[in-house]
Amino acid sequence: MRLYSSQQRPFADIRYVAVAIAVVREGHQHVGILHKSEVIDEVKLGHLAWHNQLKDSQPKDCYLWVDPPIPTRRARHVAARCRQILRANERGIPYAFSPPNDCFDLRTGDFLLGPSRVGLTCASFVLAVFDAAGLRLAEYSSWPQQRPGDAEWQQFVVEQLEESEARAEHVALVKKEVGAIRYRPEEVGGCAVSDHLPCPFDTAEALSHEILDQLRLLRKTVRDT
Amino acid sequence: MKTFERYAEREYVIDPYASVDEPAARIRGPGRRRALSDLGILEISPFYAEHVNLTPRFTHGFTHGDLSLANIFISHPSADHAEGLAEMLQQLEAARTNIDPYVGIGQYFRSLIAGSFKEQLFTSVEEISKRSHPQNTVEHKKRLTEFLQPVMQLEKGGHVDAALDVLYDRMDALLKAKQFTVMDALLKEANVDSISVDVLLGLLTASLPARSKLPARSSFYAEAEASIKRRGEWEDGLLAGLES
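None of these values were measured; they are calculated from a predicted model. (Residues numbered from 1 in each chain as written. Chains lettered and ligands numbered in written order. Predicted model: local features only at pLDDT ≥ 70, side-chain atom pairs only at ≥ 80, totals over all residues.)

### Some words on the overall build of chain B
- Regarding its fold elements, chain B presents 10 helices and 3 strands.
- Along its sequence from the N terminus, chain B presents helices and strands in the succession α-β-β-α-α-β-α-α-α-α-α-α-α.
- For chain B, with 244 residues in total, the buried portion stands at 33%.
- In chain B, the share of contacts with a sequence separation of at least 24, taken over all contacts with a separation of at least 6, comes to 60%. (Helix = DSSP H or I, 4+ residues; strand = E, 2+ residues; numbered from the N terminus. Buried ≥ 20, exposed ≤ 12 C-beta atoms within 10 Å, placed from the backbone. Contact = placed C-beta atoms within 7 Å.)

### Some details on the overall build of chain A
- Tallying secondary structure elements over chain A gives 6 helices and 6 strands in all.
- In summary, chain A has a C-alpha radius of gyration of 17 Å against a globular reference of 17 Å for 225 residues, a match within 12%.
- The C-alpha extent of chain A, read off along each of the three principal axes, is 45 × 35 × 30 Å.
- Relative to all contacts within chain A whose residues are 6 or more apart in sequence, the contacts with residues 24 or more apart total 69%. (Rg over C-alpha atoms; globule rule 2.2 N^0.38 Å.)

### Examining the pairing of strand S3 (residues 28–36) of chain A
All names here are of chain A.
- Of all 9 residues making up S3, 8 are buried, and the element is well covered by its neighbours.
- Note: strand S2 (residues 17–25) against S3, 8 bridges, orientation antiparallel. Bridge pairing links alanine 22 to histidine 30 in S3.
- Counting the residues that bridge the hairpin from S2 to S3 gives 2 residues, and of these glycine 27 lies at a positive phi of roughly 80°. (Pairing = 2+ DSSP bridges.)

### Considering the nonpolar core
- Of all hydrophobic cores here, the largest spans 113 residues; its most connected members are Val17, Val19, Leu34, Trp65, Val126, Val129 and Val188 of chain A.
- No other element matches helix H7 (residues 160–176) of chain B, which puts 11 residues into this core.
- Not counting the four nearest positions on each side in its chain, valine 17 of chain A is found in contact with Ile33, Leu34, His35, Ala75, Val78, Ala79 and Cys82 of chain A. (Core = buried A, V, L, I, M, F, W, Y, C linked by C-beta atoms within 7 Å.)

### Some points on the environment of valine 39 of chain A
Residue and element names in this part refer to chain A.
- As for its position among the elements, valine 39 is in the loop between S3 and strand S4 (43–50).
- Taking the C-beta count within 10 Å as the criterion, valine 39 has 21 such neighbours and is therefore assigned buried.
- As for valine 39 and proline 185, which are separated by 146 residues in sequence, their C-alpha atoms are 29 Å apart.

### Quick notes on the sheet that holds S3 of chain A
Residues and elements named next belong to chain A.
- Spatial strand order, S1-S6-S2-S3-S4-S5: 6 strands in an open sheet with antiparallel pairing. The open sheet has two edge strands with one neighbour each: strand S1 (3–5) and strand S5 (53–57). Neighbouring strand axes in the sheet, compared pairwise and without regard to direction, differ in orientation by 30° on average.
- With respect to the sheet, helix H1 (residues 72–88) is in contact with S2, S3, S4 and S5, its orientation differing from that of S3 by roughly 110°.
- Contacting S1, S2 and strand S6 (64–66), helix H6 (residues 201–224) runs over the sheet at an angle of about 65° to S2. (Axes fitted to C-alpha atoms, helices over the stretch in contact; angles between N-to-C directions.)

### Brief notes about the pairing of S5 of chain A
All names here are of chain A.
- Pairing of S4 with S5, which is carried by 5 bridges, proceeds in the antiparallel orientation. What sits directly across from leucine 48, in S5, is leucine 54.
- Between S4 and the antiparallel strand that follows it, S5, lie 2 residues; asparagine 52 among them carries a positive phi value of about 60°.

### Focus on the confidence of the model for chain B
Residue and element names in this part refer to chain B.
- A residue-level look at chain B finds 41% of positions with pLDDT of 70 or above and a mean pLDDT of 65.
- Confidence scores differ between elements of chain B, with strand S1 (residues 26–27) showing the lowest mean pLDDT of 32 and helix H10 (residues 217–230) the highest of 98.
- This model gives residues 55–83 a pLDDT under 50, and the stretch forms 36 contacts once residues within four places in sequence are excluded.
- Residue range residues 103–113 is modelled with pLDDT below 50. Its contacts to residues more than four positions away, or to other chains, number 10 contacts.
- In the model output, the complex is listed with pTM 0.74 alongside ipTM 0.93. (pLDDT = per-residue confidence, 0-100.)

Printed below as a string of structure tokens:
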């Protein structure tokens, strides 16, 4: 399994790009993209932290990272694409439950903000970046809709958006997306761990359990130390 | 305002969302924080170090003029060290500017330059595209070469990632302006054998979102694949997902 903690293999070992996942609180995972380039010579974590909070920060040791099954040359381009998306979206990316494919709108010329796209989650942001680089991590059509817990989580997000500075128009659009397919962070990690892309749901879901086990162990280790 | 971040910060010590506040004493290369206290660590990427040659009076005793070390420890803020630091930062800045054409002028100007470049390119390429006479082909190719010239130049200097950053920004500017004709002309006229595999991959990747608007892209893909195979640089999955 190409899943590592920074103790096992430092973040600097990534081949230009990797998927990073951490537990933020019990039952809540977060996922982002580790990327590096010779220009800055450091590994950064690009991730959608929350509504319009697209960050490029230094990764912490609570993250596990996954080396995706792609040629090194392509990994370099995913990293370049990720940097370009971060540069082009300095004002952030809205938080919503839109699908991660075809985020570039040919009519408006914008990334994501087309008539059919409202926003992304941390997990669908990772899928969207790989998708924009021509590499589909997940076999989208195999993902089940409205699994137990999805609607509750989406409703929770809507409530948080309502309490935040998000515009009412945006919240209204997000409400309409409640019930959309949910890609969970650990499943995105599972896709990256799988040997073949795009990864079907059953494989990603099975691998996600192992990732969660490893995350629990890591979390305990980090807390103990 | 409640956010996931705030929940995480409040409830757990481990917070992968929070940005890392670097200590004020830590200097992480040019163009960033430059405060210097009595114990500072100056991190210099070996990538830039080769471009920096400090005068000996500043290097004696800790680097002996060799800045290939990734980390240089500055033990106290003596005047000499402070001056040496200024010189070092100045040279690093120059090195970065040479490597990344945008770095010295910032993101705002990056977009302005992209815009200005875009206007010039659109005007010239569109004018040429309207003409069909064969004598314009050379001029057409020349203009299109100009599009890739800074990319190739950076790549020739061994700065592949910087080259890709410029390439993706330029292609993104074309996409955002919906200049699909210009992008299609670029793919149509490009001499794939003269373009490196990394730049070919960049052109295919950056043009992917607009593939349905780029009739020349499928031929470009096929030519790129054949060219990469001829060069012996082919590997499984290299162009996966980049088809038109």
